[in-house]
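Secondary and tertiary structure notes
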Number of protein chains: 4
Amino acid sequence: MTAETSRVEAFSDGVFAIAITLLILEIKVPPAGSGALPRDLLRQWPSYFSFLISFAFIGIMWINHHRLFTHIARCDDALLILNLLLLLGVVVVPFPTAVLATHLGQSDQLTALILYNSTYLFIAVFFNLLWRYASSDKRRLLAKDVNSPSVQRISRQYAFGPVLYLVCLGLSWLSAAASLALNFALACFFAIPPNVVGSERE
Amino acid sequence: MTAETSRVEAFSDGVFAIAITLLILEIKVPPAGSGALPRDLLRQWPSYFSFLISFAFIGIMWINHHRLFTHIARCDDALLILNLLLLLGVVVVPFPTAVLATHLGQSDQLTALILYNSTYLFIAVFFNLLWRYASSDKRRLLAKDVNSPSVQRISRQYAFGPVLYLVCLGLSWLSAAASLALNFALACFFAIPPNVVGSERE
Amino acid sequence: MTAETSRVEAFSDGVFAIAITLLILEIKVPPAGSGALPRDLLRQWPSYFSFLISFAFIGIMWINHHRLFTHIARCDDALLILNLLLLLGVVVVPFPTAVLATHLGQSDQLTALILYNSTYLFIAVFFNLLWRYASSDKRRLLAKDVNSPSVQRISRQYAFGPVLYLVCLGLSWLSAAASLALNFALACFFAIPPNVVGSERE
Amino acid sequence: MTAETSRVEAFSDGVFAIAITLLILEIKVPPAGSGALPRDLLRQWPSYFSFLISFAFIGIMWINHHRLFTHIARCDDALLILNLLLLLGVVVVPFPTAVLATHLGQSDQLTALILYNSTYLFIAVFFNLLWRYASSDKRRLLAKDVNSPSVQRISRQYAFGPVLYLVCLGLSWLSAAASLALNFALACFFAIPPNVVGSERE
């Protein structure tokens, strides 16, 4: 973090923090008087389920955003715009999450899954664009040497993102369970620090 | 950013971040059971459309706010009040956005457009007042010399704001499409750094 | 702002920023199809009105919070608790605002006004407690000398708060218009820097 | 606070600030026209009650989070994940709070209480895990010496958390009033600085 990037990080932190907290508003409170609250609560499992995946996703995205900006020391206008496009994806997440929560296990499950996975694919693509722009040789926005191993390890790990989220999207047509399981596994994969993933031996 | 302005920026960042994230709450989730989720989702295009314009507008306003405060080094009480009036505009944005989303393509479209464009005009005016106050010769709130080219370039670009948003408002009566297209084009125009817009050659 | 108080300020800024932005969610969007959007919008004047007073109140409270913490350099546990009680008042504001918006001009107007003014009285009391605790001679939480004129001027201006908000509450029984007008006037009064209010000549 | 942990704190502050502010959205505004607003407002006492307990809980949790990070100077990936799990608990709080507000004094009160107390137990466990991980001898994430009295006092106070919240959960079956009273007492207990609780003489 440098003085130059600190306000971008503060604004991004705010957006991440709000988007992750708003997710809970999508979980509805069963009304009083049914006399069967345990059953009413259990019936809402798709809401809890999609809440948890989205929470993990946004939280781990934040960890990654934090990781990138440990390396990024300077900021230009194109980086601000790319960051804004990434945040667009983050802000949108509560909507496909709520759509998935409403339609999981219903007749329109496939459409909800496609919407959900497409959002994540969009975010993965912009995460890569942001990082590729910042770490590009010409721009010198990084603090460290562009060829440093830690920079290259991030680039290597991130290159998997769009491909794997595309697989996730493709799986929507074959199996909802497999698609969501891979989606969750991907969040965990990006939680692993790149020096664990990307190192060959070192 | 200086110690003196850092809390103003933190508070403003918070307001921008929340206003931009709350926009998504206006997009409603189609209920389960209709069996036609793709159609239900597509029908909501005015919601997505007004969400995107407002997201671009608030995001780019934030970039501009960030730009101004790169130059502003000192803070007085009048600046705090002017900043608060600007934030009033930002906070209000989700309301005309939701009104536009509900009434675009309906019989009351014109009223919704007038409300929407008036909000943006209000914000453009206060952005100018804030900047003119801060960059005024007497007050010495800027870090750099008031006559520096970069300060003058910002003043020149911002002078267009109120005029062009007034044109936008006027277009509401002639063509909704043209008005919204110009609105979006204006957001993009203010995303361009002032040294690209304002420089003749230098 | 010091390292010791910076996180208290960051958390408080967050709460102020969110409370002020959530106010807009209480303004409802008139549904499509009535064909009379201008009239529907105008009918909601109590919503706009209470939104504006509450926005001014929270915004100016933030300015004052900012002012206090310019003087407060150290932080202890009791100050954290007092600050939390102040923030409790801030967080609550959207509720009496929405109650007022719903009941202004209706049969239950008086109850709504009492609730609204009581909240503000509560906040004024805790603002004073916070400042009196921090500026107390023994605790040495201030950066400057406790007897400095600027510290004494704040104490003098703040002493008016609880008394005047009590008058505001009393006016609820006599005239809703007078009570709300005084409420708004008070927000403006606290926007004035204490060196303008409290100085005799100096 | 160090540069290394400052963004973790900023993000956490954001989440705490939003979760605590969103609580107010669960309190509904009685509709106009009943002519009995005072009675309608009083009838909602379970909402105010659960709002206040949750506000105290999140606020005091924030104070504790702040206290921990006064000691934590370095940050690794496991700490980020543990912090995220703690924040998961914080984000969830508005949901059991709303469930409790709806079902307190109704036939399904017990289920609501179990859900409420379980959430708090979950958070207490992760607070301990976070602190135990950070203060572990091997990891050296603390600024001070791990054996310093103030670090040991925090460990001692926190060890009570999970046990006492488990008692709280157990009390749900015996007496709702006792369970909620203990819950609120626990929030107050953790507001007390550890040097008051844990000191034997010193």
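As a reminder, the structure under discussion sits directly above these lines.
Read on for an overview of the structure. Computed from a predicted structure; not experimentally measured.

With that settled, consider helix α7 (residues 149-174) of chain A. Residue and element names in this part refer to chain A. Relative to the 38 Å expected for 26 residues at 1.5 Å per residue, α7 spans 38 Å between its end C-alpha atoms, a close match to the ideal helical length. The sharpest bend along α7 reaches about 25° and sits at proline 162. Those residues of α7 that sit buried are Ser150, Val151, Arg153, Ile154, Ser155, Gln157, Tyr158, Gly161, Tyr165, Cys168, Leu169 and Ser172.

Counting residues at the interface gives 34 residues for chain D and 39 residues for chain A. Taken over both partners, the interface formed by chain D and chain A buries close to 2,900 Å², and the fraction arising from carbon and sulfur atoms is 78%. Of all residues in chain D, D:Arg7, D:Phe11 and D:Phe95 bury the most surface against chain A, accounting for 29% of the area lost on that side. For the pair chain D and chain A, the interface holds one salt bridge. For D:Asp77, the salt bridge goes to A:Arg67, with nearest N and O atoms at 2.8 Å. Joining chain D to chain A, the criterion identifies four residue pairs in polar contact (both at pLDDT 80 or more). Contributing elements (two or more residues each) for the side of chain D that touches chain A: α1 (3-22), α4 (77-92), α5 (94-103) and α6 (109-135) of chain D. The element best represented in the side of chain D that touches chain A is α1(D), accounting for 12 residues. Its residues assigned to classes, the side of chain D that touches chain A comprises 22 nonpolar, seven polar and five charged.

A few words now on the environment of A:Leu182. Residue and element names in this part refer to chain A. With respect to the element layout, leucine 182 can be found in helix α8 (residues 176-191). For leucine 182, a relative accessible area of 22% translates into the label partly exposed. A sequence separation of 18 residues divides leucine 182 from leucine 164, and the C-alpha atoms of the two residues are 8.6 Å apart.

This next bit is on helix α8 (residues 176-191) of chain B. All names here are of chain B. In a regular helix each residue adds 1.5 Å, so 16 residues correspond to 22 Å; α8 covers 23 Å between its end C-alpha atoms and thus fits that length. By the burial criterion, the buried members of α8 are Ala176, Ser179, Leu180, Asn183, Leu186, Ala187, Phe190 and Ala191. Seen along its axis, α8 keeps its buried residues to an arc of 150°; they face one direction.

A separate point is the relation of the copies chain C and chain B. Mapping chain C onto chain B leaves a residual RMSD of 0.0 Å; the transformation is a rotation of 90° accompanied by 0.0 Å of translation along its axis. Each copy turns onto its partner about a four-fold axis. Considering only C-alpha atoms, the part of chain C nearest the rotation axis is C:Gly14, at 4.3 Å. When you check the interface residues of chain C against chain B, a mere 8% turn up at the interface there too, and the two sides of the contact use different surfaces.

Our next topic: the interface of chain C and chain B. Chain C puts 39 residues into the contact, and the matching count from chain B is 34 residues. It is C:Thr21, C:Leu37 and C:Trp62 in chain C that bury the most area against chain B; as a group they hold 20% of the surface buried on that side. For the pair chain C and chain B, the number of links is one salt bridge. Our count for the chain C to chain B interface comes out at four residue pairs in polar contact (both at pLDDT 80 or more). Of all the secondary structure elements, the ones that give two or more residues to the side of chain C that touches chain B are α1 (3-22), α2 (37-43) and α3 (45-71) of chain C. In terms of residue count, the dominant contributor to the side of chain C that touches chain B is α3(C) (12 residues).

Moving on, we get to the environment of A:Val167. All names here are of chain A. Position of valine 167 among the secondary structure elements: in helix α7. Given the relative accessible area of 40%, valine 167 is considered partly exposed. Along the chain, valine 167 and serine 179 lie 12 residues apart, while their C-alpha atoms are 8.2 Å from each other.

So, on to the packing of helix α3 (residues 45-71) of chain A against helix α6 (residues 109-135) of chain A. Residue and element names in this part refer to chain A. Orientation of α3 relative to α6, taken along the N-to-C sense of each, is 5°, at an axis distance of 12 Å. As summarised for this structure, α3 and α6 are arranged roughly parallel, according to the angle between their axes. Contacts from Ser50, Ile53, Ser54, Phe57, Met61, Asn64, His65, Leu68, Phe69 and His71 in α3 reach Tyr116, Tyr120, Ile123, Phe127, Leu130 and Trp131 in α6. Grouping the constituent residues of the contact of α3 with α6 by class yields 11 nonpolar, five polar and no charged.

Our focus in this paragraph is the environment of C:Phe126. Residues and elements named next belong to chain C. Within the secondary structure, phenylalanine 126 sits in helix α6 (residues 109-135). We classify phenylalanine 126 as buried; its relative accessible area is 15%. A sequence separation of 59 residues divides phenylalanine 126 from alanine 185, and the C-alpha atoms of the two residues are 20 Å apart. The contact partners of phenylalanine 126, leaving out residues within four places of it in the chain, are Leu82, Leu85 and Leu86.

Before going further, it helps to spend a moment on a nonpolar patch on the surface. Taken together, A:Leu110, A:Trp173 and A:Leu174 make up a surface patch of nonpolar side chains, about 360 Å² in accessible area. Tracing the chain through its elements places A:Leu174 in helix α7.

At no point do chain A and chain C touch; the closest pair of C-alpha atoms across them sits 9 Å apart. When C-alpha atoms are compared, chain B and chain D, though not in contact, are closest at a spacing of 9 Å.

Criteria and thresholds
Residues numbered from 1 in each chain as written. Chains lettered and ligands numbered in written order. Predicted model: local features only at pLDDT ≥ 70, side-chain atom pairs only at ≥ 80, totals over all residues. Heavy atoms only, no water. Helix = DSSP H or I, 4+ residues; strand = E, 2+ residues; numbered from the N terminus. Expected span 1.5 Å × (residues − 1). Bend = angle between axes of the 7 residues up to and from the residue. Buried < 20%, exposed > 50% of the residue type's maximum accessible area, 1.4 Å probe, protein only. Contact = heavy atoms within 4.5 Å. Buried area = accessible area lost by both parts, 1.4 Å probe. Salt bridge = Lys/Arg side-chain N within 4 Å of Asp/Glu carboxyl O. Polar contact = N/O pair within 3.5 Å; in protein donor to acceptor, adjacent residues only side chain to side chain. Nonpolar A, V, L, I, M, F, W, Y, C, P; charged D, E, K, R; others polar. Arc of directions from axis to C-beta. Least-squares fit on C-alpha atoms with pLDDT ≥ 70 in both. Axes fitted to C-alpha atoms, helices over the stretch in contact; angles between N-to-C directions. Parallel < 35°, antiparallel > 145°, perpendicular 65-115°, else oblique. Patch = residues over 30% accessible without salt bridge, like charges linked within 9 Å, V, L, I, M, F, W, Y side chains within 5 Å. Areas by Shrake-Rupley, 256 points an atom, 1.4 Å probe, with all protein chains shown as cover.

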